[in-house]
Amino acid sequence: MHHKGRLVACFLLALTCFFVVRNHKSFQLQRDSSSTVPSKKPNIVFILADDLGWGDVGYLNPLVITPTIDKLAREGVILNQSYVAQSCSPSRAAIMSGYYPYRLGFQEDGVTVDMPTGVPLHLMLLPRKLQQLGYSTYMVGKWHLGFCKKEYTPNGRGFDHFYGYYGAGQDHYTHVGKCRGLDLHHDFEPDRTQNGTYSTYLFSGKAVEFIKAHDKSKPFFLYLAFQNVHSPLQVPEIYTDMYPSVANENRRIKLGMITAMDDGIAKVVNALRRHGLLDNTLIVFSSDNGAPQNERFEGNNWPLRGGKGSLFEGGTRAVGFIHGSMLEKTGYVNNQLIHAVDWYPTLSTVAGAETLDPEMDGLNVWNTLRKNEPSPRTEFVYNILERKPLAGIRVHDYKLIVGNSHFSACRVPPPETKLKFEIECTSLIRNGVYLYDLKNDPTESFNLAEKMPQRVKEMNTRIEEYKKKLVPTLDRGISVALLSDPQNFGGAWAPGWC
Ligand SMILES: *[C@@H]1O[C@H](CO)[C@@H](O)[C@H](O)[C@H]1NC(C)=O
Ligand SMILES: *[C@@H]1O[C@H](CO)[C@@H](O)[C@H](O)[C@H]1NC(C)=O
């Protein structure tokens, strides 16, 4: 009896041990499966729209026809506090490097075709990082981060294949940049065969080709940087015809360009689905800055103040969403703070990176995006400009802009409503100090600077701290303008002149 009892006890103990071990194991397994890295590396498609305003997508403005964008946004996670820089090259530099543009000499406006420079070569850009993590890397569209030598071009920075533009502002049909040379390239070869094909058709078509040819045993990163909806205002007529109620012709064309881009995105999403890749693909969509504010009244940042080129919300608060089966919580609006510099560490983490450059400004916000956890980001630098001295910083809900130059920030009503407006412009003046509580005043209507001098002081101190890492703005190489002339390169813009 005694003996039998001991046996049973032993057996029970062993069983318990077995269960404890098993449970422990399954606990560990569970922990692993919910840790930050998905088991099978997801594909990443990063779609960047050019000069798309806050009121330029259907899910925020029902007049705009963007069925694919709306569907992806609603099925995924709408980003309501996702920030970029005030213009093209600075935002692209931030996304590609994880550094604030003022730390790269990229704080001012776009890189011009005569600038003998690019993003500093000692930095490893996102495509190279993902390449090292086993990804095939494709870029289609507009680069705008320098091309004076091969090392600065998309192929030089880690894209296996590139199809698109080096510079900015090309004609959407001839692909000629700055009226001087062809700016359409397949890797390092100029493509002279597409004169007359609308850029969005070309770029979505090429993205589909890359997806089709992709070796499915590897994950891929596709950076699809549309030239839409940047000027020149051009689009096939079928798209402007979709907006008969809009009287302003410039607005009608821009709206058409938005819908053309939406169709392009639909082609890419359909290709992902057709090739069985959609389920394991994380799609990121963002604008690079707000819509420009000009006398053409083409873009819509309503109700935000300011537009492209300004540090006000209309220039820097990006339309954006993410979509993918690896997101745990979907179908909602995410109000967490994120900045363009965060994409690099976040997407690298998704791709399995274990280490990142500690000097980087970006933070890994994967759990914020995936589970709506509070963002590790509580502050960011809008930018620090030197030519027209201007700095902007966000700390929690407060935003401080300090400027010592003259520039105006307007509040332009939705351009679809009228042909002409009375617009309300505020000129920033010498030694201007502007403090806003964005939580209660997202349209920056009430300057609290005089009411809250202590907060202004603290935030100014923060700006001074950030400024210690400033790299002076990269110079324009006026003297080398002749060197970059397409006439020296068979009529196309090309590297090889610095
Ligand atoms: C594109 O085609 C148009 C019309 O045929 C022509 O005038 C123009 O020179 C062409 N441009 C280029 C870059 O080939
Ligand atoms: C988006 O942010 C604004 C503040 O800028 C806020 O008023 C609005 O409620 C947010 N949208 C949602 C759906 O949370």
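Please read these numbers as outputs of a predicted model, since none were measured by experiment. (Residues numbered from 1 in each chain as written. Chains lettered and ligands numbered in written order. Predicted model: local features only at pLDDT ≥ 70, side-chain atom pairs only at ≥ 80, totals over all residues. Heavy atoms only, no water.)

**Observations concerning the overall build of the protein**
Of the regular secondary structure elements, the protein holds 11 helices and 19 strands. The buried share among the 498 residues of the protein stands at 58%. The long-range fraction of contacts in the protein, counting pairs at least 24 apart against all pairs at least 6 apart in sequence, stands at 71%. (Helix = DSSP H or I, 4+ residues; strand = E, 2+ residues; numbered from the N terminus. Buried < 20%, exposed > 50% of the residue type's maximum accessible area, 1.4 Å probe, protein only. Contact = heavy atoms within 4.5 Å.)

**Let's talk about the packing of helix H2 (residues 67-75) against helix H7 (residues 249-274)**
Relative orientation of the contacting elements H2 and H7 amounts to 60°, with a least axis distance of 7 Å. In this view, H2 runs oblique relative to H7, as classed from their interaxial angle. Residues Pro67, Thr68, Ile69 and Leu72 of H2 form the contact with H7, whose participating residues are Met261, Asp262, Ile265, Ala266 and Val269. Residue classes in the contact of H2 with H7 are distributed as 7 nonpolar, 1 polar and 1 charged. (Axes fitted to C-alpha atoms, helices over the stretch in contact; angles between N-to-C directions. Parallel < 35°, antiparallel > 145°, perpendicular 65-115°, else oblique. Nonpolar A, V, L, I, M, F, W, Y, C, P; charged D, E, K, R; others polar.)

**What to know about unusual backbone geometry**
The peptide bond linking Asn228 to Val229 adopts the cis configuration, its omega dihedral lying at 10°. Position of Val229 relative to the elements: it lies in the loop between strand E9 (220-225) and helix H6 (237-240). In this structure, the amide linkage connecting Trp302 to the following residue, Pro303, adopts the cis form with an omega of 5°. Examined against the element boundaries, Pro303 turns out to sit in the loop between strand E10 (281-287) and helix H8 (313-316).

**A word on the state of the cysteines**
Here the structure, examined in full by the defined rule, presents 1 disulfide. Paired by a disulfide, Cys148 and Cys498 hold their sulfur atoms 2.0 Å apart. Taking the torsion about the S-S bond as the criterion, the Cys148 to Cys498 disulfide, at about 60°, is right-handed. Here the residue Cys148 occupies a position in the loop between strand E3 (136-142) and strand E4 (161-165), and Cys498 occupies one in the segment after helix H11 (453-467), the gap between them amounting to 350 residues. (Disulfide = S-S within 2.5 Å.)

**Some points on the site of ligand 2**
Near ligand 2, the surroundings consist of Asn80, Arg317, Val333, Asn335 and Pro442. A distance of 2.3 Å separates an oxygen atom of ligand 2 from a polar side-chain atom of Asn80. One of the side-chain N or O atoms of Arg317 is found 2.8 Å from an oxygen atom in ligand 2. For ligand 2, whose accessible area on its own is 360 Å², the fraction buried by protein is 46%. (Near = heavy atom within 4 Å. Polar contact = N/O pair within 3.5 Å; in protein donor to acceptor, adjacent residues only side chain to side chain. Areas by Shrake-Rupley, 256 points an atom, 1.4 Å probe, with all protein chains shown as cover.)

**Some thoughts on helix H9 (residues 343-350)**
The element H9 is extensively covered by neighbouring structure, given that 8 of its 8 residues are classed as buried. Buried residues of H9: Trp343, Tyr344, Pro345, Thr346, Leu347, Ser348, Thr349 and Val350, and no others.

**Some words on the sheet that holds strand E19 (residues 432-437)**
The strand order across the open sheet built from 4 strands is E14-E15-E16-E19, with neighbouring strands paired in antiparallel fashion. Because the sheet does not close on itself, it has two edges, and the strands there are strand E14 (379-385) and E19. The sheet shows a mean angle of 10° between the axes of neighbouring strands, direction not considered. Pairing of E14 with strand E15 (residues 390-395) involves 6 bridges; the strand directions are antiparallel. For Ile384, the partnering residue across the bridge sits in E15 and is Ala391. (Pairing = 2+ DSSP bridges.)

**Quick look at the pairing of strand E1 (residues 43-49)**
Judged by how many residues are buried, E1 sits mostly within the fold: 7 of 7 residues are covered. Going residue by residue along E1, you find Asn43, Val45, Ile47 and Ala49 tucked away on one face and Ile44, Phe46 and Leu48 tucked away on the opposite face as well. Relative to E9, E1 runs parallel, the two being bridged by 5 bridges. Each residue of the ladder has a partner; that of Ile44, found in E9, is Phe221.

**Section: the nonpolar core**
The biggest cluster of nonpolar side chains holds 87 residues, and the ones touching the most others in it are Phe46, Phe221, Tyr223 and Trp343. Per-element tally for this core: the top contributor is E14, with 5 residues. Setting aside anything within four residues of it in sequence, one finds Phe221 in contact with Ile44, Phe46, Leu126, Pro127, Leu130, Tyr135, Ser136, Thr137, Tyr138 and Phe159. (Core = buried A, V, L, I, M, F, W, Y, C linked by side-chain atoms within 4.5 Å.)

**Observations concerning helix H3 (residues 88-97)**
Because an α-helix completes one turn every 3.6 residues, residues spaced three or four positions apart along the sequence face the same direction. With 10 of 10 residues buried, H3 is to be regarded as a mostly interior element. When we look at burial in H3, the residues that qualify are Cys88, Ser89, Pro90, Ser91, Arg92, Ala93, Ala94, Ile95, Met96 and Ser97. Those residues of H3 that are buried lie in contact with E1, helix H4 (126-132), E3, E9 and H9. In the stretch just after H3, Gly98 is the one whose phi turns positive, near 80°.

**Points about the environment of Glu209**
Mapped onto the elements, Glu209 comes out in helix H5 (residues 199-213). Counting along the chain gives 59 residues from Glu209 to Val268, while the straight-line C-alpha distance between them is 9.5 Å.

**Here we look at the packing of H5 against H7**
Here H5 crosses H7 at 10°, and the two axes come no closer than 9 Å. Of the possible angle classes, the one that applies to H5 and H7 is roughly parallel. Taking contact as the criterion, the partners of Thr200, Tyr201, Ser204, Ala207, Val208 and Ile211 in H5 are, on H7, Ala260, Met261, Gly264, Lys267, Val268, Ala271, Leu272 and Arg274.

**Quick word on the confidence of the model for the protein**
Confidence in the prediction of the protein, expressed as mean pLDDT, is 90, and 89% of residues score 70 or more. Counting contacts from residues 1-38, a segment whose pLDDT is below 50, to residues more than four positions away or on other chains yields 11 contacts. (pLDDT = per-residue confidence, 0-100.)

**Section: the environment of Val57**
Mapped onto the elements of the fold, Val57 is located in the loop between E1 and H2. Residue Val57 is classed as buried on the basis of its relative accessible area, which comes to 0%. In sequence terms Val57 and Gly320 are 263 residues apart; their C-alpha atoms lie 9.7 Å from each other. Residues contacting Val57, with those up to four places away along its chain left out, are Leu52, Val64, Thr66, Ile69 and Val319.

**Some remarks on the pairing of E3**
With respect to burial, E3 is a largely interior element, 7 of its 7 residues being buried. Note that E3 and E9 share 6 bridges and pair parallel. Following the sheet pairing, Ser136 is matched in E9 by Phe220.

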